[in-house]
Amino acid sequence: MLKLSPDLKASVCAQNQLVREDMPSRFASITVISLLSLYYLPFQTVCFFYVAIALIELVGLYVYTKIRRKVTLAGVVIFSLSAFIGILLFNAIPILLFLEPDAFPKLAGAMLLVIALNHSVVARSEWMFFGLLTALPIIFAVGYMIVSFLHSFASPVEIGIAVVILVLGAGYVAHSMRALNKMTDRLRQALSAAEAGSRAKSSFLAAMSHEIRTPLNAICGMAELIDEEDTDPKTKQERSLLLRQSAQALTGILNDVLDHAKVESGHIEINVTAASPQVEITSAVEMFRAPARAKGLQFSLNFSEDLPRYAEFDALRLRQVIGNLVSNAVKFTETGHIKVQVSSQQVDATCVLTVQVSDTGRGIAANQIPHLFAEFYRAVDKNAPTVPGTGLGLSIARRFARMMGGDISVRSVLKAGSCFSFTSQLKILEEPQSPPEFPSAKHVTDNPQALDHDLGVKSILLVDDTQSNRMVVRSFLKKSNVEIIEAEDGAKALKCLEQRPVDLVLLDMKMPIMDGEETLLEMARRGGRIAATPVIMLTANAATEDRQRFLALGALGYIAKPVKKSVLLSEIRSVSAVSHEAKTAL
């Protein structure tokens, strides 16, 4: 049985709808033409063709209803034949007028055919075959009029020239119909894409609304209970922990949404740098050891001996992909172990890095695995507790993996566990003999009292237009021996710097009057003590390119909101150490 392609069905549906919408004006025009032609043609003749055309229009109504419900081969055939017969019946009236001996009915008949041809070009091009099927009878009728008119006085050569002109005109009509058909196809595709985008947006907003409201419910609820006087210390500690976990969940959702938006818009690029694969992988994996142990899970990380000590790769994306896989393993495993095995296979100056994350968790059903990397897809297990998430993590991770010349695959047995394998291309480099050490969170002492009191600075200028943001930072630094001066915008911050020196500036980006970027540029322009004051950007602009832009403008540090106390103290210590070393070198 002949099958209709999706594109053909779409064209037929669009043409069917257009014919139906055009019917009232079309039939009204035919009625007026029939009445006017009575001046020259017999009543019986006009009445016959008019009734026949009316019957064809009724068939068209039936076909319209049939095709609107479902496009079938029988419906397409009836649709085409009724249109073809209808145009033949309509052509009869202009031709009969042309056969009259007077000049005016001849002209009127020719005018009617030209109008009908124009109508075919404009209103019959949604489906190209349909348009040609209705235009060709009109073109032949016009050709007949021209040849019969010239036959009485023109030479054979002149008739030949007229035929060539007619053929050229017919070709131009067909070309115009084709161009219009292509344009309507593009418009239809654009409309379909826009509707799909709208549906995806609605689905995205619905999914995000649910995921955001879950941690937000905990935050709002705990915030209402935080001031209860009769709460025991253990309950307060539990509520405080729930607040932090919910806030971190919201941050994770926001990061997934931003990464998804940047991937979709093509704004994410791979930025390769020289680094140690073992160091970067360890930093990505070890942060999940404590949560795994808190659930009573065994947690191991093993490296093969063939792993290169130094290579060129995108450390940020590598950590993000591995972190996503290990995080999922911790979330979906209740008992047993989580193993991370790292190996590599060298090929000339490059190697293929393989990271396998295996667990003894709930596993994934075989019918769900093909959909696992689709956007917003969440593997469902009705017999297991619900795990929060956006359904974007694996989709984003696989895109990053493929951008790094690798991929992510999965093997899983339901209720027995899963193994995710991540591969990536690395360019092997020679290890530097004395790699430079940069201050970082790894060098910070584990003593929390030292973290609070020994920051390396005595005064900090805090610049942020939002009072709540300033309150959070001030609270984080409450136990430190640091004087904090506040300013609400860049202009006020510059006035403070003019009046007195400070050891460090914590600078927000988006502020009224003068934003963070303008403030950085103005500090550099003024030079001297003001330009030498170290700056840490404390901003909600969390993209990688934002960090690079701020550092290029002269900032020594960068922290993306929401701010964690440990990260803030670590960054202040790091920038303070760098600034002190720079001053000592001078």
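Residues numbered from 1 in each chain as written. Predicted model: local features only at pLDDT ≥ 70, side-chain atom pairs only at ≥ 80, totals over all residues. Heavy atoms only, no water.

## Details of the overall build of the protein
Next, step 1: For the protein, the count of helices and strands is 18 helices and twelve strands.
Next, step 2: Scored against the burial criterion, the 586 residues of the protein give a buried share of 40%.
Next, step 3: For the protein, contacts bridging at least 24 residues in sequence account for 70% of all contacts bridging at least 6.
Next, step 4: Accessible surface, the protein as shown: approximately 32,900 Å² in total, 61% of it carbon and sulfur. (Helix = DSSP H or I, 4+ residues; strand = E, 2+ residues; numbered from the N terminus. Buried < 20%, exposed > 50% of the residue type's maximum accessible area, 1.4 Å probe, protein only. Contact = heavy atoms within 4.5 Å. Areas by Shrake-Rupley, 256 points an atom, 1.4 Å probe, with all protein chains shown as cover.)

## Considerations on the packing of helix H3 (residues 73-98) against helix H4 (residues 103-123)
Next, step 1: Between H3 and H4, the shortest axis-to-axis distance is 6 Å and the interhelical angle comes to 155 degrees. Considered as vectors, H3 and H4 are oriented roughly antiparallel to each other. The hand of the H3/H4 crossing is left-handed. Residue-level contacts link Phe90, Asn91, Pro94, Leu97 and Phe98 of H3 to Pro105, Lys106, Gly109, Leu112, Leu113 and Ala116 of H4. (Axes fitted to C-alpha atoms, helices over the stretch in contact; angles between N-to-C directions. Parallel < 35°, antiparallel > 145°, perpendicular 65-115°, else oblique. Left-handed = near helix turned anticlockwise from the far one by under 90°.)

## Some words on unusual backbone geometry
Next, step 1: Phi at Lys415 is positive, roughly 65 degrees, even though this residue is not glycine.
Next, step 2: Of note, Lys415 is situated in the loop between strand E6 (407-413) and strand E7 (417-428).
Next, step 3: A relative accessible area of 68% means that Lys415 is categorised as exposed.
Next, step 4: At Ile513, a position not held by glycine, the phi torsion is positive, near 70 degrees.
Next, step 5: In this structure, Ile513 sits in the loop between strand E10 (504-507) and helix H15 (516-526).

## Quick word on the sheet that holds strand E8 (residues 459-463)
Next, step 1: Pairing in this open sheet of five strands is parallel, and the strands run E9-E8-E10-E11-E12 from one edge to the other. Each edge of the sheet is formed by a strand with only one pairing partner; in this case those strands are strand E9 (483-487) and strand E12 (557-560). Strand-to-strand twist across the sheet, computed as the mean angle between neighbouring axes with direction ignored, equals 20 degrees.
Next, step 2: With three bridges joining them, E10 and strand E11 (residues 535-539) adopt parallel strand pairing. From the neighbouring strand, Leu507 faces E11, where its bridge partner is Met537. (Pairing = 2+ DSSP bridges.)

## Considering the packing of aromatic side chains
Next, step 1: Taken as a whole and assessed by the stated rule, the structure comprises ten aromatic pairs.
Next, step 2: With a centroid separation of 6.4 Å and an interplanar angle of 10 degrees, the aromatic rings of Phe79 and Trp127 are classed as stacked. Linking Phe79 in helix H3 with Trp127 in the loop between H4 and helix H5 (128-151), this pair joins segments that are 48 residues apart in sequence. Just as Phe79 is buried, Trp127 falls in that class too.
Next, step 3: Three or more aromatic residues link up through ring pairs in this structure, and these residues are Phe79, Trp127, Phe129 and Phe130.
Next, step 4: For Arg20, the ring lying beneath its charged end belongs to Tyr64, and the centroid distance is 5.7 Å.
Next, step 5: In this structure, Arg317 packs its charged tip against the face of Phe400, placed 4.8 Å from the ring centre. (Phe/Tyr/Trp six-rings, centres within 6.5 Å; stacked < 30°, edge-to-face > 60°. Lys NZ or Arg CZ within 6 Å of the ring centre and 35° of its normal.)

## Describing a nonpolar patch on the surface
Next, step 1: A cluster of nonpolar side chains, namely Leu73, Val77, Leu81 and Ile85, defines an oily patch on the protein surface of about 310 Å² accessible area.
Next, step 2: In this structure, Val77 sits in helix H3. (Patch = residues over 30% accessible without salt bridge, like charges linked within 9 Å, V, L, I, M, F, W, Y side chains within 5 Å. Salt bridge = Lys/Arg side-chain N within 4 Å of Asp/Glu carboxyl O.)

## So, the environment of Thr533
Next, step 1: Note that Thr533 resides in the loop between helix H16 (528-532) and E11.
Next, step 2: Along the primary structure Thr533 and Asp503 are separated by 30 residues, whereas in three dimensions their C-alpha atoms are 6.5 Å apart.
Next, step 3: Within the structure, Thr533 has its side chain in polar contact with the backbone oxygen of Arg529 (distance 2.9 Å). (Polar contact = N/O pair within 3.5 Å; in protein donor to acceptor, adjacent residues only side chain to side chain.)

## Re helix H2 (residues 43-69)
Next, step 1: Its 27 residues place the ends of H2 39 Å apart at the C-alpha level, agreeing with the 39 Å of an ideal helix rising 1.5 Å per residue.
Next, step 2: Among the structural elements, helix H1 (6-37) and H3 are those in contact with the buried residues of H2. (Expected span 1.5 Å × (residues − 1).)

## Brief notes about the environment of Ala582
Next, step 1: For Ala582, the location among the structural elements is in helix H18 (residues 565-585).
Next, step 2: C-alpha separation for the pair Ala582 and Ala532, spaced 50 residues apart in sequence, amounts to 10.0 Å.

## Some details on the nonpolar core
Next, step 1: Judged by nonpolar contacts, the single largest core of 42 residues is most densely connected at Ile322, Val355, Ile408, Phe420 and Phe422.
Next, step 2: It is helix H10 (residues 315-331) that provides the largest number of residues to this core, a total of eight residues.
Next, step 3: Discounting residues that sit within four places of it in the chain, Ile408 has contacts with Val321, Leu325, Phe373, Ala397, Arg398, Ala401, Phe420, Ser421 and Phe422.
Next, step 4: Judged by nonpolar contacts, the second largest core, of 29 residues, contains Ile33, Ala116, Leu117 and Ile138. (Core = buried A, V, L, I, M, F, W, Y, C linked by side-chain atoms within 4.5 Å.)

## Observations regarding H5
Next, step 1: Here H5 spans 34 Å end to end across 24 residues, near enough to the 34 Å set by a 1.5 Å rise per residue.
Next, step 2: The sharpest bend along H5 reaches about 25 degrees and sits at Ala135, with the proline Pro137 one to four residues further on. (Bend = angle between axes of the 7 residues up to and from the residue.)

## Topic: the confidence of the model for the protein
Next, step 1: Averaged over all residues, the pLDDT of the protein is 83; the fraction at 70 or higher stands at 84%.
Next, step 2: Ignoring residues within four places in sequence, the model shows residues 435-451, a span with pLDDT below 50, making 18 contacts including any to other chains. (pLDDT = per-residue confidence, 0-100.)

## Focus: the pattern of salt bridges
Next, step 1: Within this structure, the stated rule accounts for 16 salt bridges.
Next, step 2: Note that Asp407 and Arg398 form a salt bridge whose closest N and O atoms lie 3.2 Å from each other.
Next, step 3: Judged by its relative accessible area of 27%, Asp407 falls in the partly exposed class.
Next, step 4: The residue Glu517 makes a salt bridge to Arg549 at a minimum N-O spacing of 2.7 Å. A residue pair is termed long-range when its members are at least 10 positions apart, and Glu517 in helix H15 and Arg549 in helix H17 (residues 544-552) qualify at 32 residues.

## Digging into the side chain of Thr519
Next, step 1: Residue position: Thr519 is located in helix H15.
Next, step 2: For Thr519, a relative accessible area of 2% corresponds to the buried category.
Next, step 3: If sequence neighbours within four positions are ignored, Thr519 has contacts with Gly490, Leu507, Met511 and Met514.

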